[in-house]
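Architecture and fold: a report
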Amino acid sequence: MASPYAGAQPASPAAAGHQAPAAAAGQQNHSLAFRVMRLSRPSLQPDPTAMLRFDPRDVFLPEDALTGAEQSAADDFLHRLLNPPDSPTAVPGDFTFRDRFLLRDPADALALPGLLVLPQSFGAIYLGETFCSYISINNSSIFEARDVVIKAEIQTERQRILLLDTSKSPVESIRSGGRYDFIVEHDVKELGAHTLVCTALYNDGDGERKYLPQFFKFTVSNPLSVRTKVRTIKDITYLEACIENHTKSNLYMDQVDFEPAQQWRATRLDADEHPSAVKSEIGDLCKQPILIRAGGGIYNYLYQLRSSDESSQTKSEGSSILGKFQITWRTNLGEPGRLQTQNIHSTPTGSKDVDLRAVKVPPIIYVERPFVVNLCLTNQTDKTVGPFEVFLAPSMFGEERAVLVNGLQKLVLPLVEPLESIKFDLSMVATQLGVQKISGITMYAVQEKKYYESLPDIEIFVDAE
C-alpha cells in the first residue's frame, strides 16, 4: 500500500514563487519536513477475481486452522461461537470453502470484498469541490525543535489565501521523532495551477533560527460543462441547457436550478411521466438524484421564460441577461460539489418602430383565382409615422414568383398615430399548384425614404378547382 502521505508533488524551488528563500533553505540541513495527504472519502472497489465470499472466520484464524490434523480447545470454542447449534445454516464440522460460492444475498453478485479502499494517489481536483488536506510536520532529527511558527496558504494565478497561521501562538516544541498535525480546507473557485505553500520558522538544537518552505503543486480542472441554446417564439423564450460530465466518476445531480434575472419568470419543463409511475408525498420529498455518467455523460434541461411584468416588457427588451444556473452534485460516497455559472445571455433583438404582420390567410386557395390576405401595420413608437407603400419586391435571383399581387402593384397607406394600428387587405393570386410561399411583401416609408424588412414567408397550399 502506498504511503498515506503520498500526496501532491512537491515543486522544485526553482519553479516556485519563493525562489530565494527556497534556494537558501535547500542549502540547510533541516530538522523538520512537511508531509501532505489529501483527505478524500474511501470508495467501494469491486474485485472480480475474488470468487469466494468474505467470511468472519477469515479475520480470526488462518486458512488451515480448523482443517488441520490437530485442533486446540480454542479452535473448538471458536467453532461453536461461529456455528451455534440452533443456526439453520450451520454445517457441523464443515470448514471447507464449498459454501463460499453460494449467493445468499443479491449484493454478493457485485463482487464487493466488504472493505472500503482509501485513495492511493492524490487524485484529480475539480472546480466547485472542497480541497481538504491533512498536513504533518515531522521532526526527523535527534534534537528538539522549539517555537515553531507554521503557515499554510494556497497560491493561484490571481490571489493568495491564508489557511493556517500560528504566529500568535507558536507550537512550543516538537520533540525528536515527533510531529505536529493539522487539517486545512479550501473551497476551490478557480481553474488552473494551484500551489499549497507550507512554511515553518523554528529554533533547532543549536538555537539557530531556521526557515523551511515547501511547495506542493496541483491542478484544478472543470468537472462539467454547460452548453445552452436560446429560442424565442413570440413572447416566450425557451432555454435549453446540456450538462456534460468531464470527470472519471459518476455525478449525482442534487440540484440544477435556473435563477432568472429580475425581469423573467422561469418554469422547468419536464418530460411526461410514464402512466405506471406512482406519485406520492414521500416520492416528492425524497427525489432520486439525476445520474450523469462518467467520461462524457450528458443530461438536458429545458426552461420556459416569460416576462415577469407586462408593463416593464419594453424596458427589459434592451437587456439580454436571462439568468444563471446553480448546480450542486455528489460523487463518491456523497462527496459534494457546487458551481454557479456566469450570466446567460439571449440574442439581442432590437425593437421595431413599425411592425407588419399577416393576420389572416384563406384556408382554401385555388390556382389562378384571386384571394385576400389580411395584414396589420402597427406603430410601436410615440410619434406619428408614415405614409407607407406596400408592394411585392422582385425575386433576388430573378426567379418567377408563384404568388403575385392581383391588381394595383403598390398599395399606399396613410399616416399611423402613435401606438396605433391599421388593417388593410392585399389581393393576390397563385399561379402554381401545391405548397407555395407568399414572399417578398415589403414596406417603404415615403418621407424617411427607408425600406423595412420584408414580411416573413407564409406557406400556403394551392389546390385545383
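Note: the structure precedes this text.
A short tour of the structure in this document, coming up. (Residues numbered from 1 in each chain as written. Predicted model: local features only at pLDDT ≥ 70, side-chain atom pairs only at ≥ 80, totals over all residues. Heavy atoms only, no water.)

**Side note on the overall build of the chain**
Secondary structure assignment for the chain yields five helices and 32 strands. Taking as baseline every contact in the chain between residues at least 6 positions apart, the subset at least 24 positions apart corresponds to 73%. Accessible area for the chain stands at about 29400 Å²; split by element, carbon and sulfur atoms hold 52% of it. (Helix = DSSP H or I, 4+ residues; strand = E, 2+ residues; numbered from the N terminus. Contact = heavy atoms within 4.5 Å. Areas by Shrake-Rupley, 256 points an atom, 1.4 Å probe, with all protein chains shown as cover.)

**Examining a nonpolar patch on the surface**
On the surface, Leu44, Leu116 and Leu333 cluster together to form a nonpolar patch covering roughly 290 Å² of accessible area. Here Leu333 lies in the loop between strand 19 (321-330) and strand 20 (336-340). Of the residues examined, Leu333 reaches a relative accessible area of 42% and is grouped as partly exposed. (Patch = residues over 30% accessible without salt bridge, like charges linked within 9 Å, V, L, I, M, F, W, Y side chains within 5 Å. Salt bridge = Lys/Arg side-chain N within 4 Å of Asp/Glu carboxyl O. Buried < 20%, exposed > 50% of the residue type's maximum accessible area, 1.4 Å probe, protein only.)

**With respect to the environment of Ile460**
Residue position: Ile460 is located in strand 32 (residues 458-463). Separated by 23 residues in the primary sequence, Ile460 and Lys437 place their C-alpha atoms 6.0 Å from one another. Contacts of Ile460, omitting those with residues within four sequence positions, involve Val361, Ile365, Phe371, Val403, Gly434, Val435, Gln436 and Ile438.

**As for the sheet that holds strand 25 (residues 388-392)**
Within the open sheet, the four strands sit side by side as 27-25-30-31. Their pairing is antiparallel. Edge positions in the open sheet fall to strand 27 (410-413) and strand 31 (450-451), since each of these has one partner strand only. (Pairing = 2+ DSSP bridges.)

**As for the sheet that holds strand 24 (residues 371-379)**
Read from one edge of the open sheet, four strands run 22-24-28-26, paired in antiparallel fashion. Taken across any chain shown, the strands that pair with only one partner, and hence form the sheet edges, are strand 22 (354-360) and strand 26 (403-405). Each adjacent strand pair in this sheet contributes to an overall mean axis angle of 40°, direction not counted. Where strand 22 lies against strand 24, six bridges are found, and the strand directions are antiparallel. Bridge assignment links Leu356 to a residue of strand 24, and that residue is Leu377. (Axes fitted to C-alpha atoms, helices over the stretch in contact; angles between N-to-C directions.)

**Concerning the environment of Gly128**
You can see Gly128 is positioned in the loop between strand 5 (125-126) and strand 6 (130-139). By relative accessible area, which is 16% here, Gly128 ends up buried. With 201 residues separating them along the chain, Gly128 and Trp329 place their C-alpha atoms 9.6 Å apart. The residues contacting Gly128, other than those within four sequence positions of it, are Val188, Trp329, Gly337, Arg338 and Leu339.

**Notes on the packing of aromatic side chains**
How two aromatic rings sit relative to each other is set out by the distance from centre to centre and by the angle between their planes. Applying the stated criterion to the full structure yields nine aromatic pairs. Each residue in the set Phe258, Tyr303 and Phe325 is aromatic and connected to the rest through ring pairs, giving one cluster. Positioned over the ring face of Phe391 is Lys410, at 5.9 Å from the centre of the ring. (Phe/Tyr/Trp six-rings, centres within 6.5 Å; stacked < 30°, edge-to-face > 60°. Lys NZ or Arg CZ within 6 Å of the ring centre and 35° of its normal.)

**Examining the environment of Pro418**
Along the chain, Pro418 turns up in the loop between strand 27 and strand 28 (421-430). Classification of Pro418 by relative accessible area gives partly exposed; the value is 29%. Each C-alpha atom of the pair Pro418 and Asp382 lies 4.7 Å from the other, and the pair is 36 residues apart in sequence. Once you skip the residues sitting within four places of it in the chain, Pro418 turns out to touch Asn379, Thr381, Asp382, Lys383 and Thr384.

**Things to note about unusual backbone geometry**
For the peptide bond that leads from Gly386 to Pro387, omega is -5°, which places it in the cis range. Phi at Lys449 is positive, roughly 50°, even though this residue is not glycine. Assignment of secondary structure puts Lys449 in the loop between strand 30 (441-445) and strand 31.

**Some words on the side chain of Asn245**
Relative to the assigned elements, Asn245 resides in strand 14 (residues 236-245). There is a polar contact of 3.1 Å between the side chain of Asn245 and the backbone oxygen of Ile292. Leaving out residues up to four positions away in the same chain, Asn245 has contacts with Pro223, Asn250, Leu251, Ile292, Arg293, Ala294, Gly295, Gly296 and Gly297. (Polar contact = N/O pair within 3.5 Å; in protein donor to acceptor, adjacent residues only side chain to side chain.)

**Remarks on the pattern of salt bridges**
With the rule as written, the count across this model stands at 10 salt bridges. With its nearest N and O atoms 3.5 Å apart, the salt bridge here joins Glu129 to Arg38. Taken together, the residues span a long stretch of sequence, with Glu129 in the loop between strand 5 and strand 6 and Arg38 in strand 2 (residues 32-38) at a distance of 91 residues. Salt-bridge contacts for Lys210 lead to Asp204; the nearest nitrogen and oxygen are separated by 3.3 Å. A relative accessible area of 10% means that Asp204 is categorised as buried.

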